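Each chain, letter by letter, is given below.
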Amino acid sequence: MILLVVPNNEDRQVKVSVRPLVEYVFRSGDIESGFRTAAALHEGTRIHQQVQKMYKEGDLKEVSLKTEILYEDTVYVIEGRCDGLIQVDNGWMVDEIKSTSSDISHMEEGHVVHWAQAQLYAYMVAKEQGLGQMKIQLTYIQVVTSEEKRFRRELSFAELESVVMEIVSRYAPYAALRIRNASRRDESIQSLPFPFDTYREGQRKLAGAVYQTINEEQKLFAKAPTGIGKTLSTLFPSVKAIGEGLLQQIFYLTARTTTRTAAEQAFELMQSKGLCVQTVTLTAKDKVCFQEKVSCRKEDCPFADGYYDRLNGAIMDMLSSETLMNRHVIEQYAQKHQLCPFEFSLDVAYAADVIICDYNYIFDPRVSLKRLFQERKKKTVLLVDEAHNLVDRGREMFSSDIGKTEFLELQRGYKGKNDRIHETSRAVNQYFIRLKKECGEGKRKLWMESPEELISLLDLFVQEAERELQGNANVELESRPLLLDTYFASQNMIRISKLYDERYVTYAEVTRNSVMIKMFCMDPSTLLAHASKGFRSTIFFSATLSPLHYYRDMLGAGEDDYSVTVPSPFHREQLDVRIEPLSTRYRDREKTKDALVRLLSQMVREKKGNYLIFFPSYQYLYDIYESFMSDNADLRTIVQGQGMTEEEREAFLASFRSDNSETFIGFAVLGGIFSEGIDLQGDRLNGVAIVGVGLPQIGMERDLIKDYFNGIGKNGYNYAYVFPGMNKVQQAGGRLIRSEQDTGILMLVDDRFTQRQYQDLLPEEWKG
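Residues numbered from 1 in each chain as written. Predicted model: local features only at pLDDT ≥ 70, side-chain atom pairs only at ≥ 80, totals over all residues. Heavy atoms only, no water.

A. Structural context of the overall build of the chain. From N to C terminus, the chain includes 27 helices and 24 strands. Against the compact-globule benchmark of 27 Å for 768 residues, the chain has a radius of gyration of 29 Å, which places it among compact chains. Across its three principal axes, the chain shows a C-alpha extent of roughly 90 × 70 × 50 Å. Expressed as a percentage of its 768 residues, the buried residues of the chain come to 58%. Sequence-distant contacts, at least 24 apart, represent 78% of the contacts inside the chain between residues at least 6 apart. Computed over 96 positive and 110 negative side-chain charges, the separation of the two mean positions in the chain equals 2 Å. (Helix = DSSP H or I, 4+ residues; strand = E, 2+ residues; numbered from the N terminus. Rg over C-alpha atoms; globule rule 2.2 N^0.38 Å. Buried < 20%, exposed > 50% of the residue type's maximum accessible area, 1.4 Å probe, protein only. Contact = heavy atoms within 4.5 Å. Lys, Arg positive; Asp, Glu negative; His and termini not counted. Charge placed at Lys NZ, Arg CZ, Asp CG, Glu CD.)

B. Summary view of the pairing of strand 8 (residues 249-254). Among the 6 residues that make up strand 8, 6 are buried, leaving the element largely enclosed by the rest of the structure. Of the two faces of strand 8, the one carrying Gln249, Phe251 and Leu253 and the one carrying Ile250, Tyr252 and Thr254 are both buried. Bridge count for strand 8 against strand 12 (residues 380-384) is 5 bridges, and the pairing is parallel. Counterpart to Phe251 in the pairing with strand 12 is Leu382. Across 5 bridges, the pairing between strand 8 and strand 11 (residues 354-358) is parallel. Across the sheet, Leu253 pairs through a bridge with Cys357, a residue of strand 11. (Pairing = 2+ DSSP bridges.)

C. Broad picture of the side chain of Arg552. Relative to the assigned elements, Arg552 resides in helix 21 (residues 548-554). Asp561 is the oppositely charged side chain nearest to the buried, salt-bridge-free Arg552, at an N-O distance of 5.4 Å. (Salt bridge = Lys/Arg side-chain N within 4 Å of Asp/Glu carboxyl O.)

D. Seen up close, the packing of helix 25 (residues 700-711) against helix 26 (residues 716-733). Orientation of helix 25 relative to helix 26, taken along the N-to-C sense of each, is 135°, at an axis distance of 5 Å. Here helix 26 runs oblique to helix 25, going by the angle between their axes. Judged by residue contacts, Arg702, Asp703, Ile705, Lys706, Phe709 and Asn710 of helix 25 engage Gly716, Tyr717, Tyr719, Ala720, Tyr721 and Pro724 from helix 26. Here the contact of helix 25 with helix 26 is composed, by residue class, of 7 nonpolar, 2 polar and 3 charged. (Axes fitted to C-alpha atoms, helices over the stretch in contact; angles between N-to-C directions. Parallel < 35°, antiparallel > 145°, perpendicular 65-115°, else oblique. Nonpolar A, V, L, I, M, F, W, Y, C, P; charged D, E, K, R; others polar.)

E. Expanded view of the packing of aromatic side chains. Going through the model one piece at a time under the given rule, you end up with 33 aromatic pairs. With 3.9 Å between their ring centres and 20° between their planes, Phe194 and Tyr199 make a pair best called stacked. Seen from their ring centres, Phe652 and Phe656 are 5.8 Å apart, and the 45° between their planes marks the pair as tilted. Given a relative accessible area of 1%, Phe652 falls into the buried group. A connected cluster of aromatic rings, assembled from ring pairs, spans Tyr550, Tyr551, Tyr708, Phe709, Tyr719 and Phe723. A cation sits over an aromatic face here: Arg589 above Tyr620, 4.0 Å from the ring centre. (Phe/Tyr/Trp six-rings, centres within 6.5 Å; stacked < 30°, edge-to-face > 60°. Lys NZ or Arg CZ within 6 Å of the ring centre and 35° of its normal.)

F. How the structure looks around the sheet that holds strand 24 (residues 744-749). Strand order in the open sheet made by the 6 strands is 19-24-23-20-22-21, with parallel pairing throughout. In this open sheet, the two edge strands, each paired with only one partner strand, are strand 19 (575-580) and strand 21 (636-639). Each neighbouring strand pair of the sheet contributes to a mean axis angle of 15°, computed without reference to strand direction. Against the sheet, helix 22 (residues 589-606) engages strand 19, strand 20 (610-615), strand 22 (664-669), strand 23 (687-691) and strand 24, with an angle of about 175° to strand 24.

G. View of the sheet that holds strand 10 (residues 324-325). The 8 strands are arranged 10-9-11-8-12-17-7-18 in an open sheet whose pairing can be described as parallel. Each edge of the open sheet carries a strand with a single partner, namely strand 10 and strand 18 (562-565). In terms of strand pairing, strand 7 (residues 219-223) meets strand 18 through 4 bridges, oriented parallel. Note that in strand 18 the partner of Lys223 across the bridge is Thr565. Lying on the sheet, helix 12 (residues 341-349) is in contact with strand 8, strand 9 (279-281), strand 10 and strand 11; it crosses strand 9 at an angle near 150°.

H. Main features of the side chain of Asp317. Position of Asp317 relative to the elements: it lies in helix 10 (residues 307-321). If we skip the residues at most four places from it in the chain, Asp317 touches Tyr333, Lys336 and His337.

I. Structural detail: the environment of Val428. As for its position among the elements, Val428 is in helix 17 (residues 419-439). Relative accessible area serves as the criterion here: at 0%, Val428 is assigned to the buried category. Sequence separation of Val428 and Ser456 is 28 residues, and the distance between their C-alpha atoms is 9.6 Å. When neighbours within four sequence positions are excluded, Val428 is seen to be in contact with Phe407, Leu454, Leu457 and Leu458.

J. Up close: the pairing of strand 4 (residues 91-100). Within strand 4, 10 of the 10 residues are buried, leaving the element largely enclosed by the surrounding structure. As defined by bridge partners, strand 3 (residues 74-88) adjoins strand 4 across 5 bridges and the pair is classed as antiparallel. Of the residues in strand 4, the one forming a bridge with Leu85 is Val94. Where strand 4 meets strand 5 (residues 133-142), 8 bridges bridge the pair, whose relative direction is parallel. The partner of Ser99 across the bridge, within strand 5, is Ile141. After leaving strand 4, the chain enters helix 4 (residues 112-129) and then returns to the sheet as strand 5, a path that is right-handed. (Right-handed = clockwise from strand over helix to strand, strands pointing away.)

K. Focus on the confidence of the model for the chain. Chain-level statistics for the chain give a pLDDT mean of 90 and a share of 94% at 70 or above. Of all secondary-structure elements in the chain, the lowest mean pLDDT belongs to helix 2 (residues 31-39), at 49, while helix 25 reaches the highest, 98. Taken as a whole, residues 1-10 scores under 50 in pLDDT and shows 49 contacts with residues more than four places along the chain or in a different chain. Scored below 50 in pLDDT, residues 34-42 shows 18 contacts in the model against residues more than four places distant or in partner chains. (pLDDT = per-residue confidence, 0-100.)

L. Looking closely at helix 15 (residues 390-397). When you tally the buried positions in helix 15, you get 6 out of 8 residues, the bulk of the element. Every buried residue of helix 15 is accounted for by Leu390, Val391, Arg393, Gly394, Arg395 and Met397.

M. Quick look at the pattern of salt bridges. Taken as a whole and assessed by the stated rule, the structure comprises 36 salt bridges. We note a salt bridge from Glu676 to Arg256, for which the minimum N-O separation is 3.4 Å. Highlighted residues: Glu676 in the loop between strand 22 and strand 23 and Arg256 in the loop between strand 8 and helix 8 (257-272), separated in sequence by 420 residues. Comparing Glu676 with Arg256, the two get one shared label, buried. Sharing partners across several salt bridges, the network here consists of Arg185, Asp186 and Asp353.

N. Seen up close, the packing of helix 10 against helix 11 (residues 327-337). Helix 11 packs onto helix 10 with a crossing angle of 140° between their chain directions and a minimal axis gap of 10 Å. It follows from the interaxial angle that helix 10 and helix 11 lie oblique. Where helix 10 crosses over helix 11, the two elements pack in a sense that is right-handed. Between helix 10 and helix 11, the contacting residues are Arg310, Gly313, Ala314, Asp317, Met318 and Ser321 on the first element and Val329, Ile330, Tyr333, Lys336 and His337 on the second. Classifying every residue of the contact of helix 10 with helix 11 gives 5 nonpolar, 3 polar and 3 charged. (Left-handed = near helix turned anticlockwise from the far one by under 90°.)

O. Broad picture of the nonpolar core. With 177 residues, the main nonpolar core has Tyr171, Phe344 and Phe363 as its most contacted residues. Considering every element that reaches this core, the biggest residue donor is helix 4, with 11 residues. (Core = buried A, V, L, I, M, F, W, Y, C linked by side-chain atoms within 4.5 Å.)

What follows is the structure, given as structure tokens:
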């Protein structure tokens with residue numbers, strides 16, 4: 001865990017929090033031992049309260065403490081919250097409470113980090129009250145058995161002071177490095193010019209709105225057209241805000257790799273103009289893992305074994321030498337120091353000025369960066385790119401499902417090996433058997449409450465799974481992945497159940513011999529707003545944040561939050577918009593197939609160039625493609641496949657060359673990887689056809705969303721179907737005009753494009 005460091009170059013003051021301070025100095029071990037500590041966190045609050053209820057009158061709990069220590073030429077401001085202060089003869093005893101799922105019956109002494117943490121609290125109390133002696137107690141609670149074990153020490157003030165000065169001296173080189181880097185950063189920001197000679201039209205307006213929002217500690221919902229440089233328009237004023245002391249950190253949040261790359265390129269550009277900030281890009285574990293199979297057990301991975309023993313040196317090495325720490329740089333240093341690249345990127349992120357990462361690191365309750373302290377959050381801005389994607393991603397992050405099959409397998413697999421795993425898995429499996437019967441002939445059940453009986457059963461299973469995973473290092477390799485995956489799925493189900501309110505619905509579905517249950521979040525707005533609470537500012541921006549009232553509603557805007565709409569800088573003459581009133585409804589597709597093929601053939605043969613044609617589904621795409629090629633066998637084409645690898649995606653885009661000597665056509669799906677976030681400027685793309693209005697497929701979840709919003713006075717059909725569908729259309733059409741020089745044909749094929757309801761949702765520059 002990286003320290004919170006807030007350097008002030010005038011008086012060389014460093015603020016640190018007690019727990020990360022001692023963890024930085026004393027951390028050791030492997031990644032899985034870190035999992036063992038984290039595994040019981042969901043029980044931590046309850047355990048603390050359980051112990052604190054036993055305190056006597058006059059004892060104190062959750063005591064905020066603070067002190068200043070001068071070391072060399074720097075003042076260290078150390079802050080923390082002590083679990084308990086217990087009255088004893090002639091003074092106080094610090095009580096540090098730790099919950100654990102590990103077996104504590106054979107524990108002979110407390111952990112060095114826990115002792116150091118408690119000693120720091122004891123030092124602060126003794127210093128404040130002028131005490132010559134302090135008693136210290138570590139209280140360990142086993143979360144499954146509630147077994148307690150306590151260890152006590154008594155130290156003089158001189159001994160405590162010696163311990164604290166040793167901790168500070170070991171931390172000082174890291175703090176000094178951070179101060180040097182911050183000083184260099186601030187100097188570079190002061191002289192940083194806008195990296196282009198002039199602003200594009202609309203770019204200054206957006207940049208000004210972002211800076212004003214940060215300055216006034218508000219949220220901003222910005223609709224800004226494709227091609228004006230939204231990435232730089234949000235990053236540049238945010239960087240300037242760091243230089244003026246308004247911010248300490250920037251999170252640039254994205255949904256796609258392509259937009260992450262755009263942010264990295266923006267910093268490369270600003271660095272070429274003299275900027276010196278440290279950026280870290282976080283990449284998913286399965287993409288950066290050095291092993292063929294992802295496993296964080298030290299027995300399976302040399303990069304996990306002893307990870308924390310090598311971490312500090314690696315952090316100092318990279319922060320001393322690098323500024324733009326993208327995936328390649330992180331992997332390079334991870335290899336050098338034999339570290340897990342994913343965990344290394346997370347640890348370095350706490351020391352970075354800018355973190356470029358997926359939405360889930362802030363919004364997802366399963367994986368968010370919870371070690372970001374409140375003090376730091378107050379000086380952090382969230383820049384949410386392509387924010388229209390966050391609505392459905394929010395639903396996904398705040399929903400949870402689990403099935404019967406895994407528990408039946410665990411029940412069978414642990415029979416005779418672990419009676420507790422066998423019995424708790426069997427109890428969950430029996431619940432699903434009963435639920436399957438309740439689903440009846442319709443094979444579905446729907447209700448408006450959290451499945452409390454299941455949650456209670458999962459809670460018992462989680463406790464036993466934790467004990468098995470942590471207490472038995474020799475869990476068979478065959479059974480371990482299933483147990484670990486089911487453990488995390490159960491954890492998530494329990495966690496989401498605590499968020500359950502009127503915005504949720506629970507449903508069960510029977511599929512073949514199994515049954516699945518899901519807590520589905522129909523409206524993520526309140527939870528998204530809560531996740532961004534505490535940050536100085538949040539900037540939601542997209543070219544298709546339209547209609548704005550819908551996205552303000554769905555992303556949790558308050559009445560006082562700001563909005564800005566930046567008009568397109570491009571001229572209508574650049575775009576030849578053609579609306580073809582041909583029905584693409586499912587029931588009419590066979591009847592209109594030949595007419596659609598003729599329309600597409602005429603468009604691509606009108607002028608030599610590169611074209612993209614988007615369809616609402618793979619099935620429709622493949623059906624039309626087959627007929628199209630029967631009539632146009634001489635044309636070069638490429639087709640988007642399902643589950644394409646990164647290499648295949650790159651090859652697809654690379655095919656759109658500005659020097660193609662013949663017409664080239666790409667067939668893709670609306671809402672897919674090629675319909676947003678890609679930049680094919682100039683003659684790399686000369687025309688786009690969009691088949692259909694992009695409505696999501698009719699289904700139970702979409703109908704639940706529709707009924708929910710109808711019930712609270714909104715237009716449920718628009719919220720569930722029309723607005724998300726037309727957003728896909730706008731995104732796909734936005735691939736065409738990317739600069740002031742671009743021109744092209746945009747064909748919209750569907751009779752609904754002529755209806756007022758859909759016409760009103762088209763960008764102004766698409767209208768006649």
